[in-house]
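Residue-level structure breakdown
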Amino acid sequence: MSDTPSTGAKKRIFSGMQPSGEAHLGNYLGALRRWVGMQDDYDCIWCIVDEHAITAGADPASMPAMVFDLAVSYLAVGLDPEKAIIFVQSDVPEHTELAWLFNAVTPVGDLERMTQYKDKSQNLESIPAGILNYPILQAADILLYKAYGVPVGADQKQHLELTREIARKFNAAYGDTFPVTEPLIGEDVGRIVGLDGKSKMSKSLNNTVPVLSEPDDVWARVRTAVTDPQRVRRDDPGRPEVCNVYSLHAFFTDDTTRTDIETRCRAGTIGCVDCKRILSDNISDAFAPYRERARQYLENPDQVRRVLNEGAEKARVIARETLAETKQRMGLNWREALS
Ligand code: TYM
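Calculation criteria
- Residues numbered from 1 in each chain as written.
- Predicted model: local features only at pLDDT ≥ 70, side-chain atom pairs only at ≥ 80, totals over all residues.
- Heavy atoms only, no water.
- Domains from an automatic or database assignment.
- Contact = heavy atoms within 4.5 Å.
- Buried area = accessible area lost by both parts, 1.4 Å probe.
- Salt bridge = Lys/Arg side-chain N within 4 Å of Asp/Glu carboxyl O.
- Polar contact = N/O pair within 3.5 Å; in protein donor to acceptor, adjacent residues only side chain to side chain.
- Helix = DSSP H or I, 4+ residues; strand = E, 2+ residues; numbered from the N terminus.
- Expected span 1.5 Å × (residues − 1).
- Buried < 20%, exposed > 50% of the residue type's maximum accessible area, 1.4 Å probe, protein only.
- Near = heavy atom within 4 Å.
- Areas by Shrake-Rupley, 256 points an atom, 1.4 Å probe, with all protein chains shown as cover.
- 1 Å grid on protein atoms, 1.4 Å probe; cavity = no way out; pocket = protein on both sides within 12 Å on 5 of 7 lines; lining within 4 Å.
- Points joined across faces, edges and corners; volume = space filled by probe spheres on them.
- Nonpolar A, V, L, I, M, F, W, Y, C, P; charged D, E, K, R; others polar.
- Core = buried A, V, L, I, M, F, W, Y, C linked by side-chain atoms within 4.5 Å.
- Axes fitted to C-alpha atoms, helices over the stretch in contact; angles between N-to-C directions.
- Left-handed = near helix turned anticlockwise from the far one by under 90°.

This brings us to the domain arrangement of the protein. Each assigned domain of the protein is listed with its residue range as follows: domain 1 (12-192 + 301-338) and domain 2 (215-294). For domain 1 and domain 2, the distance between their C-alpha centroids amounts to 34 Å. Counting from both sides, the interface comprises 11 residues of domain 1 and, opposite them, eight residues of domain 2. Between domain 1 and domain 2 lies a buried interface of about 810 Å² when both sides are counted; carbon and sulfur atoms form 76% of it. Looking only at domain 1, the three residues that lose the most surface to domain 2 are L25, Y28 and A76, adding up to 51% of its buried area. Remark: the boundary between domain 1 and domain 2 carries zero salt bridges. Scanning the region where domain 1 abuts domain 2 turns up two residue pairs in polar contact (both at pLDDT 80 or more). Looking at the side of domain 1 that touches domain 2, the elements with two or more residues in it are α1 (25-38) and α3 (63-77).

Written out as structure tokens, the structure is:
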């Protein structure tokens, strides 16, 4: 494995998020919350992966605002441009170029085995190649910076295994170039289930709670959450262990209140609406400082622009170097080689 470059003695980590607007609870609990906590210990690079979003047919007219809103979410929850590089993927064209080069070492069979590919392509008459090749671009994102680790939610595990495989295959074919990156998965959080109570929380399934929503909007969302399906009347005994609202309490509600909710739910003495109200209030309270910070950025969009411009410049310095090395390994350097 080649050395992982880093600033000072810190190891480098990279992660990214698709711009589907404001971050939601799944993004926050599975990723953002942990990213914020890593910024002092690692050399961090946080990306907004807009070129991944086009594979899902993102609307061009709303893409710029989606990118901007996600940047605001990043900054509002505490990603810090003083400590980390924060940038937009399409500002650094080396990502797509490296992805093309990785096509040379990635078996189609590995891509077809990805569960996200199977899910996304399921009902499509014609499958865009971008959905299949998506994980190659993800590997390029990570390996362009020779990241030691990638903090992500549990849903990304398979893509990161493929990233490791691509690094191994490249190194075997062309010589030691890339680290075999560690997935840093928040196992304690797992996969956050959406308000429908069954699928992964995801913007495309419209089952999310956006982190920066005002309290009334949080309540409008949380009150629709599916609870224990066997509980029909308010005084029916409930089963917290099958209730997604109860599992979300684990992140926002103190132990004493949670124990009380559990006892009363089982006894049928607290209704689901009251239980959701407590959750909704606690989510709104927990995110109040982020809403305030987001307001400041929304009033000063130039500040956000500056962060992303400077981030892209810094990212490109690293990206250019890795791409040149990769091309040289692959013999795509006729000028130097023949001089
Ligand atoms: P994306 O945009 O779907 O999600 C961004 C991050 O949020 C986490 N996450 C969740 N965690 C737990 N439960 C959920 N319901 C949930 N929903 C989202 C994800 O695990 C992720 O950490 N392919 C990536 C984007 C990407 C990337 C990368 C990530 C592109 N290049 C390079 C890391 C490194 C994706 O679609 O994430």
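Structure shown, so let's carry the discussion forward.
This next bit is on helix α7 (residues 129-143). Taking 1.5 Å as the rise per residue, α7 with 15 residues should run 21 Å; its terminal C-alpha atoms sit 21 Å apart, in good agreement. By the burial criterion, the buried members of α7 are I131, L132, Y134, P135, I136, L137, Q138, A139, A140, D141, I142 and L143.

Next up on the list: the site of the ligand. In the vicinity of the ligand lie 26 residues, with Y134, D141, G153, D155 and I192 positioned nearest. Backbone polar atom of I192 to a nitrogen atom of the ligand: 2.8 Å apart, as the coordinates give it. Protein chains bury 96% of the 700 Å² of accessible surface belonging to the ligand in isolation. Counting residues per element, the ones that place at least two in the shell around the ligand are β1 (12-17), α1, α7 and β4 (149-152).

As a further point, take the layout of surface pockets. Here the second largest pocket defines a volume of roughly 220 Å³. Lining the second largest pocket are 13 residues, with T96, A99, G130, N133 and L137 sitting closest to its centre. Elements with a contribution of two residues or more to the lining of the second largest pocket: α2 (50-53), α4 (94-102) and α7. The biggest single contributor to the lining of the second largest pocket is α7, with five residues. Here the lining of the second largest pocket is composed, by residue class, of six nonpolar, six polar and one charged.

This part is about unusual backbone geometry. Residue K146 is not a glycine yet carries a positive backbone phi of 50°. In this fold, K146 is placed in the loop between α7 and β4. Note on K146: relative accessible area 9%, which makes it buried. Of note, N206 is a non-glycine position whose phi angle comes to about 50°, a positive value.

Moving on to the nonpolar core. Soluble globular proteins tend to bury their nonpolar side chains together. Judged by nonpolar contacts, the single largest core of 56 residues is most densely connected at L32, W46 and Y74. It is α3 that contributes the most residues to this core, nine residues altogether. Filtering out sequence-adjacent residues up to four positions away, L32 remains in contact with M17, A23, N27, Y74, V77 and L79.

This part is about the packing of helix α10 (residues 244-252) against helix α12 (residues 272-299). Closest axis-to-axis distance for the α10/α12 pair is 10 Å, and the angle between their directions is 35°. For the crossing formed where α10 meets α12, the hand is left-handed. Across the interface between the two elements, V245, L248, H249 and F252 of α10 pack against C275, K276, I278, L279, N282, I283, A286 and F287 of α12. For the contact of α10 with α12, a count of residues per class yields nine nonpolar, two polar and one charged.

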